[in-house]
Amino acid sequence: MASVDTPVNDALQRRLSIANLVAQVGIIVTGGAVRVTGSGLGCSTWPMCEPGQFAPVFHEESTWHPIIEFGNRTLTGVLGIIALALIWSLYRKSAPTRRDVRPYAWAVLALIIVQAVVGGISVWVTLHPAVVGLHMALSLGLVSLSTYLVYRLYRPRATDPAALPRLETSLHVAIAAVKVAVAIIGVVVTGTGPHSGDADKPYRFAIDPLFITRIHAGAAWVLVILVAIATYLVAKRSSLAARPWLVVVGVLLAQGLLGYIQYFTGLHPALVVAHMLGSGLTVVAITWAIARSYALDTRSNSREPNSRLGL
Ligand code: HEM
């Protein structure tokens, strides 16, 4: 059975959904900056920066760690404001009713609150890698949710999951599962490496970094192979529908290359942050490509009126 979303556009809702997605990917980069500069304990407690002080107070001997850590905390507030604005835009009387999208926007706000608490707990447990890793994994979940939200606002088109070949829907499930595995193993790799977020006494997982990096890279290769098969199957049906999948192939190969370069160049901080950004972009590309595969207009080469790139 085809389910048809309300075919309406609202510029404000769309812009806010894009702002939310950009901010969610952006905070991965600023969070990465906190980690690689060893600023994770720049504020010694949470929700206050220091006991009795919400913001850092500077003395002559102060370092820049509190500024970086407090800046990242402030960004969480910006994320919350954008999410609230998006929710408001979805309830405006003057705007088209998009009840179908509202639960996703509420879920984004709820996850931002969860993230603030997990970030706080990571400070309380002096940056235990399991909590820092959970923080990153949740961020990637938020990026996926935010991408889907943009998708729903930009492409309120008919969908029909049942019309897609079973092999392709199974591949989507496998791709999503392996992507989650690559991310989880990735945060474990980070938990064995030098960039814990604490400049002084980093606590690390007692796992051989080389062994776990090999598992991570192996899982990434499985992901590349699954995506290549999905792209081939879609391309046989429609070259237009294959475009989002070709983007996934490109982003994945770039991310994999970056992974090897950062590993073989001793985990340079800038490359580690770039790899974190790449993992966010990989999630965006995969979420979009999977969501797009279920749109009825991807079954043939017919171009949508507002689809300039066919994405
Ligand atoms: C192509 C798909 C890939 C994805 C989606 C991916 C994703 C990730 C993620 C999510 C993290 C955790 C970042 C964090 O905790 O902040 C990570 C870490 C890491 N990845 Fe990948 N990765 C990929 C491929 C690779 C490859 C092929 C290598 C090659 C060796 C690699 C090497 C690493 C290393 C060394 C780290 C730890 C960096 C650190 O110390 O913080 N990755 N990756």
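Everything numeric in this text was worked out from a predicted model, so none of it was measured.

### Looking at the environment of L145
Line of reasoning, step 1. Position of L145 relative to the elements: it lies in helix α4 (residues 129-154).
Line of reasoning, step 2. Residue L145 is classed as buried on the basis of its relative accessible area of 17%.

### Things to note about the coordination of the iron atom of the ligand
Line of reasoning, step 1. All of the protein donors around the iron atom of the ligand are H216 (NE2) and H275 (NE2); their distances to the metal are 2.0 Å.
Line of reasoning, step 2. Here the iron atom of the ligand binds six donor atoms, and the angle range of 86 to 179° at the metal identifies the geometry as octahedral. Of this pair, H216 sits in helix α6 (residues 209-237) while H275 is found in helix α8 (residues 269-293), placing the two residues 59 residues apart along the sequence. Assigned by exposure class, H216 and H275 land together as buried.

### Digging into the UniProt feature "transmembrane region" (unreviewed entry) in the chain
Line of reasoning, step 1. Cross-referencing UniProt, the feature "transmembrane region" (unreviewed entry) maps to residues 74-91, 103-125, 131-151, 171-191, 211-233, 245-264 and 270-291 in the present numbering.
Line of reasoning, step 2. Secondary structure content for residues 211-233 is 100% helix and 0% strand, and the end C-alpha separation is 34 Å.

### Description of the nonpolar core
Line of reasoning, step 1. Among the nonpolar cores identified, the biggest contains 26 residues, and I175, L223, V227, W245, V248, L252 and I286 are the most heavily contacted of them.
Line of reasoning, step 2. At the level of elements, α5 (166-192), α6, α7 (243-264) and α8 are the ones that each hand at least two residues to this core.
Line of reasoning, step 3. Here this core takes nine residues from α6, the largest share from any one element.
Line of reasoning, step 4. Look past the residues within four positions of V248 in its chain and what remains in contact with it is V227, A285, I286 and A289.
Line of reasoning, step 5. Among the nonpolar cores identified, the runner-up in size contains 19 residues, and L21, V25, A183 and V283 belong to it.

### Notes on the site of the ligand
Line of reasoning, step 1. Around the ligand, a shell composed of 25 residues is seen, among which R35, T190, H216, Q262 and H275 lie nearest.
Line of reasoning, step 2. Note that an oxygen atom of the ligand is positioned 3.0 Å from one of the side-chain N or O atoms of T190.
Line of reasoning, step 3. Here a nitrogen atom of the ligand sits 3.4 Å away from a polar atom, N or O, in the side chain of Q262.
Line of reasoning, step 4. Broken down by secondary-structure element, the contributors of at least two residues to the shell around the ligand are α4, α5, α6, α7 and α8.
Line of reasoning, step 5. At seven residues, the largest contribution of residues to the shell around the ligand is made by α5.
Line of reasoning, step 6. Taken together, the residues of the shell around the ligand sort by class into 13 nonpolar, ten polar and two charged.

### Observations regarding helix α3 (residues 102-124)
Line of reasoning, step 1. With 23 residues, α3 ought to run about 33 Å at 1.5 Å a step, and its terminal C-alpha atoms sit 34 Å apart, in line with that.
Line of reasoning, step 2. When α3 is considered as a whole, its buried residues turn out to be R102, A105, V108, L109, I112, Q115, V118, G119, G120, S122 and V123.
Line of reasoning, step 3. In the core, the buried residues of α3 are packed alongside α1 (11-36), α2 (65-91) and α4.
Line of reasoning, step 4. Immediately downstream of α3, the backbone of T126 shows phi near 40°, a positive value.

Rules of the game
- Residues numbered from 1 in each chain as written.
- Predicted model: local features only at pLDDT ≥ 70, side-chain atom pairs only at ≥ 80, totals over all residues.
- Heavy atoms only, no water.
- Helix = DSSP H or I, 4+ residues; strand = E, 2+ residues; numbered from the N terminus.
- Buried < 20%, exposed > 50% of the residue type's maximum accessible area, 1.4 Å probe, protein only.
- Donors = N, O, S within 2.8 Å, 3.2 Å for Na, K, Ca; no water.
- Tetrahedral: all angles 85-135°; square planar, octahedral: opposite > 155°, others 65-115°.
- UniProt positions renumbered as here; feature names shortened; annotations may be inferred.
- Core = buried A, V, L, I, M, F, W, Y, C linked by side-chain atoms within 4.5 Å.
- Contact = heavy atoms within 4.5 Å.
- Near = heavy atom within 4 Å.
- Polar contact = N/O pair within 3.5 Å; in protein donor to acceptor, adjacent residues only side chain to side chain.
- Nonpolar A, V, L, I, M, F, W, Y, C, P; charged D, E, K, R; others polar.
- Expected span 1.5 Å × (residues − 1).

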